[in-house]
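Take a look at the letters that make up each chain.
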Amino acid sequence: MQPPDRSYSLTMAFPAELAGDAEAVASVMPASRRLPAAPFSVVVEGQQVLIPYRLYNDEPLADAVASLSSRQRRLLHCLYSRHCDGVVRQRHLEKIVRSTDPWVVPFVVELVGEYVLEIMIVICDELRDLAAPGTGGHLAYGQFIVENPAYFASIQRRVVSYWSCYYRGTYASFQGYPGRTLLDLLRSAASDRAGHPWPNLTPGAGREDGGR
């Protein structure tokens, strides 16, 4: 992650060709109560973007959202999927989770590596077609992971850590945890894109759950 910076702009969360759309979105967002929390860096189609770890802006009024184009609304939903309120994150995620736009993908993958089970279940339910080679989602997610191997390694480790910390009581085995299903789907897409099996950093069926 990068340190918070007053020069940070929300336009940095998207590829350069979307700067005008991002500015239009930022113009309808209420002023933030505080600076966005430390953005993280990933690559989207060869371009580095800086996505805020958390946003603290209230949601814009419905009329303001309606004034945006369809693509601009997708950008807005991406940004609010980084909101400090998990209910807000889930509501906006549900608007974009089926999108195969490459710049949407990192916002969804970041939520895979967070701790809200309800959000993970939404993603798991909506991305099951990632297992089908040749689909838009399979290609988009596979390409993103291939471009960001270290980032995806951190996502895999975070999924295991949150399961171990919060969800062992509900899912005694990691093999039954929704996060494991999602990681399998994402690794499948990455393996096809890379042309070789993608590293699995989670507890395996042949090892004691919770191992590294």
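Preceding this section is the structure that the text describes.
Scope of this entry: the structure provided in the associated data block. (Residues numbered from 1 in each chain as written. Predicted model: local features only at pLDDT ≥ 70, side-chain atom pairs only at ≥ 80, totals over all residues. Heavy atoms only, no water.)

Let's shift gears to the nonpolar core. The tendency in soluble globular proteins is for nonpolar side chains to be buried as a group. Core analysis: the biggest nonpolar cluster contains 64 residues, and Phe-14, Ile-123 and Tyr-177 have the highest contact counts within it. Here this core gets seven residues from one element, more than from any other, and that element is helix 8 (residues 149-167). (Core = buried A, V, L, I, M, F, W, Y, C linked by side-chain atoms within 4.5 Å. Buried < 20%, exposed > 50% of the residue type's maximum accessible area, 1.4 Å probe, protein only. Helix = DSSP H or I, 4+ residues; strand = E, 2+ residues; numbered from the N terminus.)

Right, let's talk about the pattern of salt bridges for a bit. Counting across every chain of the model gives eleven salt bridges. In this structure, Asp-101 and Arg-74 form a salt bridge, with 2.8 Å as the shortest nitrogen-oxygen distance. Linking Asp-101 in the loop between helix 4 (86-96) and helix 5 (105-112) with Arg-74 in helix 3 (residues 70-80), this pair joins segments that are 27 residues apart in sequence. Given the relative accessible area of 22%, Arg-74 is considered partly exposed. One network of salt bridges, with partners in common, ties together Arg-54, Arg-82, Arg-89 and Glu-114. (Salt bridge = Lys/Arg side-chain N within 4 Å of Asp/Glu carboxyl O.)

Time to look at the pairing of strand 1 (residues 40-44). Here strand 1 shows a buried face lined by Phe-40, Val-42 and Val-44 and an unburied face lined by Ser-41 and Val-43. The hairpin formed by strand 1 and strand 2 (residues 47-51) contains two residues between the paired strands, and Glu-45 there has a positive phi angle of roughly 50°. (Pairing = 2+ DSSP bridges.)

Moving on to helix 7 (residues 136-147). Helix length check: helix 7, at twelve residues, gives a terminal C-alpha distance of 17 Å against a target of 16 Å (1.5 Å per residue), a fit within 8%. Of all the positions in helix 7, only Gly-137, His-138, Ala-140, Tyr-141, Gly-142, Phe-144 and Ile-145 are classed as buried. In this structure, the buried residues of helix 7 make contact with strand 1, helix 5, helix 8 and helix 9 (178-194). (Expected span 1.5 Å × (residues − 1). Contact = heavy atoms within 4.5 Å.)

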